[in-house]
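Chain by chain, the residues:
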Amino acid sequence: MNKLIGLKIDVDTERGTRIGVKNLLQLFARHNIYATFLFSLGPDNTGRALKRIFRPGFLKKVSRTSVVSTYGIKTLLNGVLWPGPHIAKKHPDLLQQVQKAGHEVGIHCYDHCRWQDYLFTWSEEETKTEFNRAVDCFKTVFHQAPQSAGTPGWQANAASLQAYDDAHLLYGSDCRGPYPFYPKINGHTFKTLQIPSNLPTLDELLGRPEYPLNKITETLLERCELSAGAEIFTLHAELEGMRYLEWFEQFITEAQGRGFQFVPVEALAKKALEDQSKIPVCEMIQGEVEGRSGTLAIQQCSI
Ligand SMILES: [Zn+2]
């Protein structure tokens, strides 16, 4: 049997929805691939993220990934000089097109910038309200309830996991870690399965002297070959769907040539849920990942 790589596409911005998603749909059609698209559904206030520039580590990332050419100057002013465009209201047809092409669709967030900046300041009620705004947009666009979600920047906590449980999702993908599990925080075990991302993202590797672009494919595929289970690769409509589209197509071609099969994350969730008794309960903690600034949710494996 082919080794599986789950593809999770985070769509952060209106520009990424309009251009990056379209590019990825064409690419996936050429290679006969189905993937998971997680959408930012509310206002694109990317410009407000500029204040992160004053956080330690962010400048390093800016110089590595060249934020202006990646996001475009207009996107960087969304929510600053003019109100951010509401993605689900502006592009319902584009979002529906993704589902019609056979891909899994799910929730990234309502307002990307707000989630990243305020999740840890919100009450459980406020978190639920924000998540449910995304659920409402999703239902309006797709005429069905969402079954999956993965938060911006792997920012997740007890309140966000509770919102998932209340929404009866099939799974969430909100953290980094090696294998599917039920998350536990402060002694409470949540009922929504977590499928963690277990490969580094392109932007975490880019620009580091040990990982020139032409070595990143080899680095990622070597990891996939060494691991026992399936891998989840998280990509961004704004990067792999745009500036790094050519690299991504080469990565896909090389992986398929070596016998890997790309699947939507829901396929891996359903596979794990076939035998729930084998799914471990693991703590979800806050930690750091090389190449990424700040903290994010991490699966803590008991040994
Ligand atoms: Zn994101």
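Heads up: these notes are all about the structure in this document. (Residues numbered from 1 in each chain as written. Predicted model: local features only at pLDDT ≥ 70, side-chain atom pairs only at ≥ 80, totals over all residues. Heavy atoms only, no water.)

Re the overall build of the chain
Working step 1: The number of helices and strands found in the chain is 14 helices and 12 strands.
Working step 2: A globule of 303 residues ought to have a C-alpha radius of gyration of about 19 Å, and the chain, at 18 Å, matches this closely.
Working step 3: With the principal axes as the frame, the chain shows a C-alpha extent of 50 × 45 × 40 Å.
Working step 4: Relative to its full complement of 303 residues, the chain shows a buried share of 57%.
Working step 5: Put simply, of all contacts in the chain between residues at least 6 apart along the chain, 75% involve residues at least 24 apart.
Working step 6: Counting every atom, the chain has about 13400 Å² of accessible surface; 53% of that belongs to carbon and sulfur.
Working step 7: Of the side chains in the chain, 33 bear a positive and 34 a negative charge, and the two mean positions are spaced by 4 Å. (Helix = DSSP H or I, 4+ residues; strand = E, 2+ residues; numbered from the N terminus. Rg over C-alpha atoms; globule rule 2.2 N^0.38 Å. Buried < 20%, exposed > 50% of the residue type's maximum accessible area, 1.4 Å probe, protein only. Contact = heavy atoms within 4.5 Å. Areas by Shrake-Rupley, 256 points an atom, 1.4 Å probe, with all protein chains shown as cover. Lys, Arg positive; Asp, Glu negative; His and termini not counted. Charge placed at Lys NZ, Arg CZ, Asp CG, Glu CD.)

Side note on the environment of Ser 227
Working step 1: Mapped onto the secondary structure, Ser 227 falls in the loop between helix H11 (213–226) and strand E9 (231–236).
Working step 2: Distance in space between the C-alpha atoms of Ser 227 and Gly 20 is 30 Å, their sequence separation being 207 residues.
Working step 3: Of the polar contacts made by the side chain of Ser 227, one reaches the backbone oxygen of Gly 229; its length is 3.1 Å. (Polar contact = N/O pair within 3.5 Å; in protein donor to acceptor, adjacent residues only side chain to side chain.)

Examining the pattern of salt bridges
Working step 1: Under the defined criterion, the tally for this structure stands at 17 salt bridges.
Working step 2: In this structure, the salt-bridge partner of Lys 128 is Asp 166, at a minimum N-O distance of 3.1 Å. Of this pair, Lys 128 sits in helix H8 (residues 124–142) while Asp 166 sits in helix H9 (residues 158–166), and the two are 38 residues apart along the sequence.
Working step 3: With a shortest N-O distance of 2.7 Å, Arg 133 and Glu 130 are connected by a salt bridge. Residue Arg 133 and its partner Glu 130 are both found in helix H8; the two are separated by three residues, about one turn of the helix.
Working step 4: The buried category is assigned to Glu 130, whose relative accessible area is 1%.
Working step 5: Shared partners join several salt bridges into a network, and the residues in it are Arg 176, Asp 203, Glu 204 and Arg 292. (Salt bridge = Lys/Arg side-chain N within 4 Å of Asp/Glu carboxyl O.)

Focus on the nonpolar core
Note on soluble globular proteins: their nonpolar side chains tend to be buried together.
Working step 1: Ranked by size, the top nonpolar core spans 56 residues in total, and within it Leu 24, Phe 28, Phe 37, Phe 39, Phe 233 and Phe 248 carry the most contacts.
Working step 2: For this core, the element with the most residues is H8, which contributes seven residues.
Working step 3: Not counting the four nearest positions on each side in its chain, Leu 24 is found in contact with Ile 9, Phe 37, Leu 235, Ala 237, Glu 240, Gly 241, Leu 245 and Phe 248.
Working step 4: With 12 residues, the next largest nonpolar core counts Tyr 171, Val 263, Val 265 and Ala 269 among its residues. (Core = buried A, V, L, I, M, F, W, Y, C linked by side-chain atoms within 4.5 Å.)

Overview of the coordination of the zinc ion
Working step 1: Looking at the metal site, the zinc ion is ligated by Asp 12 (OD), His 108 (NE2) and His 112 (NE2), spaced 2.1 to 2.2 Å from it.
Working step 2: Considered as a linear motif, the donors of the zinc ion on their single chain read D-x95-H-x3-H.
Working step 3: Since its relative accessible area comes to 2%, His 108 is described here as buried. (Donors = N, O, S within 2.8 Å, 3.2 Å for Na, K, Ca; no water.)

Regarding the pairing of strand E3 (residues 104–109)
Working step 1: By the criterion of burial, E3 is predominantly enclosed, with six of the six residues buried.
Working step 2: In this sheet, E3 lies alongside strand E2 (residues 36–40) in parallel orientation, the contact comprising five bridges. Looking at the pairing, Phe 37 lines up with Val 105 of E3. (Pairing = 2+ DSSP bridges.)

Description of the layout of surface pockets
Working step 1: Approximately 480 Å³ is the volume attributed to the second largest pocket.
Working step 2: For the lining of the second largest pocket, the secondary structure elements donating two or more residues are E9 and helix H14 (265–273).
Working step 3: Broken down by class, the residue content of the lining of the second largest pocket amounts to 11 nonpolar, four polar and five charged. (1 Å grid on protein atoms, 1.4 Å probe; cavity = no way out; pocket = protein on both sides within 12 Å on 5 of 7 lines; lining within 4 Å. Points joined across faces, edges and corners; volume = space filled by probe spheres on them. Nonpolar A, V, L, I, M, F, W, Y, C, P; charged D, E, K, R; others polar.)

Points about the sheet that holds strand E11 (residues 281–287)
Working step 1: Within the open sheet, the four strands sit side by side as E7-E6-E11-E12. Their pairing is mixed. Bordering the open sheet on either side are strand E7 (188–189) and strand E12 (296–300), each of which pairs with just one other strand.
Working step 2: Both strand E6 (residues 182–185) and E11 contribute to a ladder of three bridges, which runs parallel. Within E11, the residue paired with Tyr 182 across the bridge is Val 281.

A word on the packing of helix H1 (residues 14–31) against helix H6 (residues 92–100)
Working step 1: Closest axis-to-axis distance for the H1/H6 pair is 11 Å, and the angle between their directions is 20°. It follows that H1 is roughly parallel to H6 by the angle criterion. The handedness of the crossing between H1 and H6 comes out as left-handed. Contact residues: H1 offers Thr 17, Arg 18, Val 21, Lys 22 and Leu 25, while H6 offers Leu 94, Leu 95, Gln 97 and Val 98.
Working step 2: Within the contact of H1 with H6, the residues separate by chemical class into five nonpolar, two polar and two charged. (Axes fitted to C-alpha atoms, helices over the stretch in contact; angles between N-to-C directions. Parallel < 35°, antiparallel > 145°, perpendicular 65-115°, else oblique. Left-handed = near helix turned anticlockwise from the far one by under 90°.)

Side note on the packing of H1 against helix H13 (residues 245–257)
Working step 1: Between H1 and H13, the least distance of the axes is 11 Å, while the angle of their chain directions is 25°. Regarding the angle of H1 to H13, the classification is roughly parallel. Crossing geometry of H1 relative to H13 is assigned as right-handed. Across from Asn 23, Leu 24, Leu 27, Phe 28, Arg 30 and His 31 in H1, the residues of H13 making contact are Leu 245, Phe 248, Glu 249, Ile 252, Thr 253 and Gln 256.
Working step 2: Among the residues forming the contact of H1 with H13, the class breakdown is six nonpolar, four polar and two charged.

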